[in-house]
Amino acid sequence: MNLLAGKTVLLTGATGGIGAEVAKQLSAEGARLILTGRSVEKLRALQNHLAAETLIYPCDLTDATEQQGLLQFCQQHRGIDVLINNAGISQFDLCPKQNYSELVSINLLVPMQLCQLFLPMLRQHKGQILNVGSAFGSIGHPGFTGYCATKFGLRGFTEALQRELSGSDIQVKYFAPRATETSINSSEVVQLNQQLGNHMDSPDWVAQQLVRQLKSNDLRCFLGWPERIFVRLNGVFPALVDMGLKSKLTLIELFAVGKTR
Ligand SMILES: NC(=O)c1ccc[n+]([C@@H]2O[C@H](COP(=O)([O-])OP(=O)(O)OC[C@H]3O[C@@H](n4cnc5c(N)ncnc54)[C@H](OP(=O)(O)O)[C@@H]3O)[C@@H](O)[C@H]2O)c1
């Protein structure tokens, strides 16, 4: 039985590397899609490419009025069964140079606010929420203080909401990719990953894992080895991960301040 056929999925960040692949795979599963992103052109191109019924709603999700507009749009179009909070940004820089408010707004506040807004609708539809976190939501990494803080926050929010709703018909899931080949990663981050020997996954494969989790009862999904081991190690023996990352600090700092160019 195809659990997604005929379901309506609201996907944020649909114009991005992972989002576009998720949209394609959900459409192939027969899901009805409501796609958001800021780029109208990219949303239209994706809509034209997809077979199943697809609606688009271009908006900046950090704007409260636009969030309300999105809710009304979904209400006018039969509601949603699944909310995927995938939109996000990253910043690779040392602490003094980071724009924390921008990161917190789109990576943490927006998914929290969309969960609040869509909860009544999801209750009616016995739906599910999937929040896209990161391996950096469990491992604090130099150069990513803001990004890590938002993804740690999103993981905590997701776990708390999942437990709060455990007696209901709504499932709340957390999906944590590791580094993936999309434009969220600057050329410095790509080069740093190469130097550190960090594998980068294809968005197509990551989307396959996300769709698999949506169809399963898995509440948490962490992608990739050795990242999955590091996530556990960091939880139990953080001093070991401190030492590992300290040995890479000079290299990370060089890339973060752009001294390798
Ligand atoms: N790629 C990785 O290495 C990686 C690893 C772990 C986790 N993740 C997570 O996976 C998710 C998707 O990332 P990605 O790699 O696909 O990134 P991406 O290609 O840069 O896509 C980001 C998406 O977020 C949307 N977005 C950003 N700011 C927005 C705003 N203010 N309002 C509405 N939409 C906004 C973008 O829309 P527009 O372009 O139309 O503005 C785009 O669709 C993110 O949550 C990210 O943190 C990624």
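In the annotation of an unreviewed UniProt entry, the entry for the protein chain reads SDR family oxidoreductase, and the organism field reads Rheinheimera mesophila. In its Sequence similarities (unreviewed entry) section, the UniProt record describing the protein chain reads: "Belongs to the short-chain dehydrogenases/reductases (SDR) family."

With that settled, the discussion passes to the packing of helix α4 (residues 100-124) against helix α5 (residues 145-164). Between two packed helices, what matters for the description is the angle formed by their axes and the separation of those axes. Between α4 and α5, whose axes approach to 8 Å, the crossing angle comes to 15°. Relative to α5, α4 is oriented roughly parallel. Relative to α5, the crossing made by α4 is right-handed. Between α4 and α5, the residues in contact are Tyr100, Leu103, Val104, Asn107, Leu108, Pro111, Met112 and Cys115 and Thr145, Gly146, Tyr147, Thr150, Lys151, Gly153, Leu154, Phe157 and Leu161, respectively. Along the lines of polarity and charge, the residues of the contact of α4 with α5 split into 11 nonpolar, 5 polar and 1 charged.

Within strand β5 (residues 128-132), 5 of the 5 residues are buried, which leaves it mostly tucked inside the rest of the structure. Burial of the side chains of β5 extends over both faces: Gln128, Leu130 and Val132 are buried on one face and Ile129 and Asn131 on the other. Both strand β4 (residues 82-85) and β5 contribute to a ladder of 4 bridges, which runs parallel. Looking at the pairing, Leu83 lines up with Ile129 of β5. Chirality of the crossover, the property in question, places the unit of β4, α4 and β5 among those that are right-handed. In this sheet, strand β6 (residues 171-176) lies alongside β5 in parallel orientation, the contact comprising 5 bridges. Note that in β6 the partner of Val132 across the bridge is Phe175.

A few words on the site of the ligand. Around the ligand, 31 residues are found, and the nearest of them are Thr15, Gly17, Arg38, Tyr147 and Thr182. Measuring from an oxygen atom of the ligand, one finds a backbone N or O atom of Gly16 at 2.9 Å. One of the side-chain nitrogen or oxygen atoms of Arg38 is found 2.6 Å away from an oxygen atom of the ligand. When the free accessible area of the ligand is taken as 900 Å², the share hidden by the protein chains comes to 92%. If you list the elements that add at least two residues to the shell around the ligand, you get α1 (17-28) and α5.

What follows covers the pairing of β4. Going residue by residue along β4, you find Val82 and Ile84 tucked away on one face and Leu83 and Asn85 tucked away on the opposite face as well. Bridge count between strand β1 (residues 8-11) and β4: 3 bridges; the pairing is parallel. The partner of Leu10 across the bridge, within β4, is Leu83.

In this section: the packing of aromatic side chains. The tally for this structure, following the rule as stated, stands at 6 aromatic pairs. When the centroid spacing of 6.4 Å and the interplanar angle of 65° are considered together, the rings of Phe144 and Tyr147 count as edge-to-face. Across the pair, exposure class does not vary: Phe144 and Tyr147 are buried alike. Here the aromatic residues Phe92, Phe136, Phe144 and Tyr147 are joined through ring pairs into a cluster of three or more. A cation sits over an aromatic face here: Arg155 above Phe152, 5.4 Å from the ring centre.

Turning next to the pattern of salt bridges. Going through the model one piece at a time under the given rule, you end up with 8 salt bridges. Where Lys24 meets Glu21, a salt bridge forms, and the shortest distance between an N and an O atom there is 3.5 Å. Separated by 3 residues within a single helix, Lys24 and Glu21 lie in helix α1, roughly one turn from each other. Among the charged side chains, a salt-bridge network with shared partners connects Glu159, Arg163 and Arg220.

Bringing a nonpolar patch on the surface into the picture now. A cluster of nonpolar residues, Val236, Phe237, Leu240 and Met243, forms a patch on the protein surface that exposes about 430 Å² of accessible area. Position of Val236 relative to the elements: it lies in helix α8 (residues 227-236). On the basis of relative accessibility, which here comes to 57%, the residue Val236 falls in the exposed class.

Criteria and thresholds
Residues numbered from 1 in each chain as written. Predicted model: local features only at pLDDT ≥ 70, side-chain atom pairs only at ≥ 80, totals over all residues. Heavy atoms only, no water. UniProt positions renumbered as here; feature names shortened; annotations may be inferred. Axes fitted to C-alpha atoms, helices over the stretch in contact; angles between N-to-C directions. Helix = DSSP H or I, 4+ residues; strand = E, 2+ residues; numbered from the N terminus. Parallel < 35°, antiparallel > 145°, perpendicular 65-115°, else oblique. Left-handed = near helix turned anticlockwise from the far one by under 90°. Contact = heavy atoms within 4.5 Å. Nonpolar A, V, L, I, M, F, W, Y, C, P; charged D, E, K, R; others polar. Buried < 20%, exposed > 50% of the residue type's maximum accessible area, 1.4 Å probe, protein only. Pairing = 2+ DSSP bridges. Right-handed = clockwise from strand over helix to strand, strands pointing away. Near = heavy atom within 4 Å. Polar contact = N/O pair within 3.5 Å; in protein donor to acceptor, adjacent residues only side chain to side chain. Areas by Shrake-Rupley, 256 points an atom, 1.4 Å probe, with all protein chains shown as cover. Phe/Tyr/Trp six-rings, centres within 6.5 Å; stacked < 30°, edge-to-face > 60°. Lys NZ or Arg CZ within 6 Å of the ring centre and 35° of its normal. Salt bridge = Lys/Arg side-chain N within 4 Å of Asp/Glu carboxyl O. Patch = residues over 30% accessible without salt bridge, like charges linked within 9 Å, V, L, I, M, F, W, Y side chains within 5 Å.

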